[in-house]
Amino acid sequence: MITTNREELEGPDGTDEPDRRDDDDAAHRAENGVVVRGAVGDDLGGVLSVGHRTWLATYEPIAGPEYVAMGLAKWWTSDVVTDSIRKGRTLVAVKDDEVVGVATFGTQNDAFVIWKLYVLPDHHGHGIGSRLMDAVVERAREAEHDRITLSYMEGNQLAARFYRRHGFVETHRESGGSGMPESVWMAREIGEEETA
């Protein structure tokens, strides 16, 4: 999944920002006061805040406080988030200088995977998750992938509806083990003719 090596938030040119694409300006356009863009070092605290605030609200009712504590300690630490930002694999949705949504992506076994897509509960229903999804789809196309995969925890009905609405279909399930809910894996085919 996501590596946890402690590395500085440095791009290839030695700056504190990851390598930027020329077409990134299109991603910076604000819609309803929200800008979706690649994360930079200054976003670290905001990304962590989104993770900690959404995980508690999302997973405690489904899997309990021990699972939330484990997930935060494993996937929402400064080390993990720093690595993802540095590698250009984190997108943020920013409103009024506050990170209100986060998406991370990468590859596993040659598959393009969305690892995280979270929006603060107070900002649900404003299209922020859809804009993050569109930006991830664009990154997948740029990397010449024609399929995106992801998973969500059984019982997370909000995620299930959101992903189905965005064209994802269930492919398989994995046992959560130790009485935990299953992971539901989904995939979406993307074509060059689609518009983001």
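Structure: see above.
None of these values were measured; they are calculated from a predicted model.

Helix and strand counts for the chain come out as six helices and eight strands. Secondary structure of the chain in N-to-C order comes out as α-β-β-α-α-α-β-β-β-α-β-α-β-β. Expressed as a percentage of its 196 residues, the buried residues of the chain come to 46%. With the model as given, the accessible surface of the chain reaches about 10,400 Å², and the carbon-plus-sulfur share is 45%.

A few words now on the layout of surface pockets. Quantified by volume, the largest pocket comes out at close to 1,100 Å³. Looking at the largest pocket, it is lined by 46 residues, and the ones nearest its centre are Tyr59, Tyr118, Ser151, Asn156 and Tyr163. Of all the secondary structure elements, the ones that give two or more residues to the lining of the largest pocket are helix H2 (44-63), helix H3 (65-75), strand S5 (111-119), helix H5 (128-142), strand S6 (147-153), helix H6 (157-165) and strand S8 (183-189). With six residues, S5 is the single largest residue contributor to the lining of the largest pocket.

Before going further, it helps to spend a moment on the packing of aromatic side chains. Enumeration according to the criterion identifies ten aromatic pairs in this entry. Ring geometry for Tyr59 and Tyr118: centres 6.5 Å apart, planes at 75 degrees, overall edge-to-face. With Tyr59 in helix H2 and Tyr118 in strand S5, this pair connects stretches of sequence that are 59 residues apart. There is no split in this pair, since Tyr59 and Tyr118 are both buried.

Moving on, we get to the nonpolar core. Leu132, Met133 and Tyr163 are the most contacted members of the largest nonpolar core, which totals 51 residues. Every residue in contact with Met133, bar those within four places of it in the chain, is listed here: Ile114, Leu117, Leu150, Phe162, Tyr163, His166, Phe168 and Arg188.

What counts, and at which threshold
- The written sequence of each chain sets the order in which its residues are numbered from 1.
- The predicted nature of this model means local features are confined to residues of pLDDT at least 70 and side-chain atom pairs, given and counted, to a pLDDT of 80 or more, with totals for whole chains, interfaces and linings taken over all residues.
- With hydrogens and water set aside, each side-chain value is computed from the structure's full complement of heavy atoms.
- Think of it this way: any DSSP run of H or I at least four residues long counts as a helix, any run of E at least two long counts as a strand, and we number them from the N terminus.
- Between buried and exposed lies partly exposed: a residue is buried under 20% and exposed over 50% of the maximum accessible area for its type, with that area taken using a 1.4 Å probe on protein chains only.
- The method behind every accessible area is Shrake-Rupley, applied with a 1.4 Å probe, and residues are considered shielded solely by the protein chains displayed.
- The distinction between a cavity and a pocket rests on a 1 Å grid over the protein atoms alone: a 1.4 Å probe fits inside a cavity but cannot get out, while a pocket stays open yet meets protein on both sides within 12 Å along at least five of seven lines, and a residue with an atom within 4 Å of a point counts as lining.
- Grid points are joined across faces, edges and corners, and a volume is the space filled by probe spheres set on the points.
- In this analysis, rings of Phe, Tyr and Trp, with Trp reduced to its six-membered ring, are considered paired at centre separations within 6.5 Å, and the interplanar angle assigns stacked below 30 degrees, edge-to-face beyond 60, and tilted for intermediate values.
- Within this scheme, the nonpolar core is defined by two criteria: the residues are buried Ala, Val, Leu, Ile, Met, Phe, Trp, Tyr or Cys, and they are joined through side-chain atoms within 4.5 Å.
- Throughout, a residue-residue contact means that at least one pair of heavy atoms, one from each residue, lies within 4.5 Å.

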